[in-house]
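Spelled out, the chains give:
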Amino acid sequence: MKKKRVGVLALQGDFEAHQKALERAGADAVQVRTAEQLAAVDGLVIPGGESTTMLKLIDYMGLNKPLRDFVAEKPVFGTCAGAILLANDVQNPPQESFGVVDMTIERNAYGRQIDSRVARIEPDAEFRSRVGEGDVEAVFIRAPIVRRTGPAVKVLAEYDGDPVLLEQGKHLIATFHPELTEDARIHKLFLSKL
């Protein structure tokens, strides 16, 4: 069976860690910086970073329209800043996004860099049945908080009562950084959407 080709938007953030996690999960992972590279992948990871800077880089590289078209048609996994870019309502402050996941997300809601943390989260039974048992290590770095989810959004894991791992149709959202651990189950879950 041919490996699924997954792109990692490689403009900012730890895109190399996502590439390695996708490879551990069984994908053919490539870095994406151009519309041509984007057109050649089956799914895309939008990594963490700083969402306003990422939007500026997306515009500068001429990727705004190609990305908008891609997220409307193909699976995308957004982590941290990538989650912000997929939300349809961004707060603190409000900003542009691709708006494909029905949720309200608040930027930098856990505080400053010094307030970053590593936590163990227990995914729901559906997550465990799809990719395996056990807790997930969640690395939160200036993480956003999901304040509202629409009826089509499924929450797969929470931290302190807030959704931190969610899906809506073909899209997957994590407000933390699964690429910074050796556990590839969340990336495997994304691959199952391709």
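Computed from a predicted structure; not experimentally measured.

1. Here we look at unusual backbone geometry
Then, in step 1: Cis peptide bonds are those with omega within 30 degrees of zero, and the linkage from Asn-92 to Pro-93 qualifies with -10°.
Then, in step 2: Backbone geometry places Arg-142, a non-glycine residue, at a positive phi of 45°.
Then, in step 3: Tracing the chain through its elements places Arg-142 in the loop between strand 8 (136-140) and strand 9 (145-149).

2. Remarks on the environment of Leu-22
Then, in step 1: Structurally, Leu-22 is set in helix 1 (residues 15-25).
Then, in step 2: For Leu-22, a relative accessible area of 0% gives the class buried.
Then, in step 3: Distance in space between the C-alpha atoms of Leu-22 and Arg-128 is 19 Å, their sequence separation being 106 residues.

3. What about the sheet that holds strand 9?
Then, in step 1: A sheet is described by the order of its strands in space; here three strands give the open sequence 5-6-9, paired in mixed fashion. Looking at which strands have only one partner, the edges of the open sheet turn out to be strand 5 (87-91) and strand 9. With strand direction ignored, the average angle separating the axes of adjacent strands in the sheet is 25°.
Then, in step 2: Bridging between strand 6 (residues 101-106) and strand 9 involves four bridges; their strand directions are antiparallel. Following the sheet pairing, Thr-104 is matched in strand 9 by Arg-148.

Analysis parameters
- Residues numbered from 1 in each chain as written.
- Predicted model: local features only at pLDDT ≥ 70, side-chain atom pairs only at ≥ 80, totals over all residues.
- Heavy atoms only, no water.
- Helix = DSSP H or I, 4+ residues; strand = E, 2+ residues; numbered from the N terminus.
- Buried < 20%, exposed > 50% of the residue type's maximum accessible area, 1.4 Å probe, protein only.
- Pairing = 2+ DSSP bridges.
- Axes fitted to C-alpha atoms, helices over the stretch in contact; angles between N-to-C directions.

Bear in mind that shape data such as this cannot, by itself, settle questions of function.
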